[in-house]
Amino acid sequence: MSELRSSYEEAEKVSCLLEIKGLEIQEYFRIPIYQTNLSVVANMRNAMSSLGATNQKYRMLISKNADVLRILGLEFQQLDQKTAEQMGTEME
């Protein structure tokens, strides 16, 4: 049992040291990630922008066709109900 305790204590010490070192290293990197010239950051920002625009288009499309989607949903619900009745099971 003491062996496990000493291993745990050692892991805690190492963890604390790593955390302290990490905080020290952060002092050298005060530039926010979006202000760097890394191409991956620019690509990520472009992808997020495109994703936002696509989501907005989907929202507009869904809101324009809400009635059609509701009717389609009801038709599928009726189809499921009829199928369940023919199979002799109940829908929940």
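Owing to the predicted nature of the structure, the values given are computational and were not obtained by experimental measurement.

The rules behind these values
- Residues numbered from 1 in each chain as written.
- Predicted model: local features only at pLDDT ≥ 70, side-chain atom pairs only at ≥ 80, totals over all residues.
- Heavy atoms only, no water.
- Helix = DSSP H or I, 4+ residues; strand = E, 2+ residues; numbered from the N terminus.
- Buried < 20%, exposed > 50% of the residue type's maximum accessible area, 1.4 Å probe, protein only.
- Areas by Shrake-Rupley, 256 points an atom, 1.4 Å probe, with all protein chains shown as cover.
- Patch = residues over 30% accessible without salt bridge, like charges linked within 9 Å, V, L, I, M, F, W, Y side chains within 5 Å.
- Salt bridge = Lys/Arg side-chain N within 4 Å of Asp/Glu carboxyl O.

*Asks:* Tell me what's going on with the overall build of the protein chain, and back it up with residues and numbers.
*Replies:* Across its full length, the protein chain carries 3 helices and 0 strands. Ordered by position in the sequence, the α and β elements of the protein chain form the string α-α-α. Counting across all 92 residues of the protein chain, residues that qualify as buried make up 2%. Carbon together with sulfur atoms contributes 59% to the accessible area of the protein chain, which is approximately 9,100 Å² in total.

*Asks:* An account of a nonpolar patch on the surface is needed here, citing residue identities and associated values.
*Replies:* Taken together, the side chains of Tyr58, Leu61, Ile62, Leu69, Leu72, Phe76 and Leu79 present a nonpolar region at the surface, about 690 Å² in accessible area. Of all the secondary-structure elements, those providing two or more residues to the nonpolar patch are helix 2 (39-64) and helix 3 (66-87). Tracing the sequence through the fold places Leu79 in helix 3.

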